[in-house]
Amino acid sequence: MISNEFTNRLVHQWRGIEAAILVGTNTTLKDNPALTTRLYPGKNPMRLVIDMDLKLPPSLQLFDGTVKTIVFNSKKQAAGEMVSFYQISKTEKIVPQILNALYSLQVQSVIIEGGATLLQSFIDAGIWDEARIIESNTVQAAAGLAAPILKDQQLVESFSLANDTIFIYQNNSAKTPRRSDGS
């Protein structure tokens with residue numbers, strides 16, 4: 001765990017106000033995330049995972065049957081009660097396919113929680129309205145993946161929470177429609 005317990009609760013609060021949360025295959029394999037609001041009272045977001053080759057084992061927390069989960073993949077289309085499979089093409093860009101799928105599923109908001117490649121693909125496409133970056137002041141830098149690089153952003157807020165600093169950036173690109181509350 002990188003961030004502190006207060007920041008973790010805040011992240012779970014943020015999850016509870018969004019319709020869905022998206023992660024990639026590698027993040028799922030490495031972290032086995034639950035993607036719930038277990039640390040803060042609220043509604044769990046729909047869980048979305050990209051697993052193009054369906055290599056994720058069914059024993060992962062994402063497939064525990066407690067929260068509606070959609071697996072974007074290139075192999076099959078199948079609706080289930082709690083886990084569904086949504087087929088997308090490997091030969092087309094993934095971001096527009098996911099956005100079209102979410103539109104057809106009437107999903108209005110998504111947190112893209114990881115990994116770095118997935119986050120960068122949405123940033124590069126200009127399909128983001130807000131980025132929340134958490135920096136821990138207690139964890140030493142270690143070898144790993146480089147963080148995604150924001151483009152055409154503006155810092156709109158920063159604050160400290162115990163030993164973490166949270167930065168909130170807004171996308172200045174015209175590609176992303178703004179919500180009515182200004183965020």
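For the structure itself, look to the data block above.
First things first, this report covers the structure right here in the doc. A quick note: this is a predicted structure, and the numbers were derived from the prediction, not measured. (Residues numbered from 1 in each chain as written. Predicted model: local features only at pLDDT ≥ 70, side-chain atom pairs only at ≥ 80, totals over all residues. Heavy atoms only, no water.)

This next bit is on the sheet that holds strand 8 (residues 164-171). Spatially, 6-8-7 is the arrangement adopted by the three strands of the open sheet, whose pairing is antiparallel. Strands with a single pairing partner mark the edges of an open sheet, and in this sheet they are strand 6 (130-136) and strand 7 (153-161). The sheet shows a mean angle of 20° between the axes of neighbouring strands, direction not considered. Pairing geometry for strand 6 and strand 8, over seven bridges, is antiparallel. Paired with Ala131 across the bridge in strand 8 is Tyr169. (Pairing = 2+ DSSP bridges. Helix = DSSP H or I, 4+ residues; strand = E, 2+ residues; numbered from the N terminus. Axes fitted to C-alpha atoms, helices over the stretch in contact; angles between N-to-C directions.)

If you walk through the whole model with that rule in mind, you get six salt bridges. Here Glu5 and Arg9 are joined by a salt bridge, their closest N and O atoms 2.8 Å apart. Here the residue Glu5 and the residue Arg9 both occupy positions in helix 1 (residues 5-16), the gap between them amounting to four residues, near one helical turn. In this structure, Lys90 engages Asp53 in a salt bridge whose closest nitrogen and oxygen atoms are separated by 2.5 Å. With Lys90 in the loop between strand 4 (83-87) and helix 3 (94-104) and Asp53 in the loop between strand 2 (46-50) and strand 3 (69-73), the pair connects residues that are 37 residues apart, well separated along the chain. When its relative accessible area of 39% is taken as the criterion, Asp53 is described as partly exposed. (Salt bridge = Lys/Arg side-chain N within 4 Å of Asp/Glu carboxyl O. Buried < 20%, exposed > 50% of the residue type's maximum accessible area, 1.4 Å probe, protein only.)

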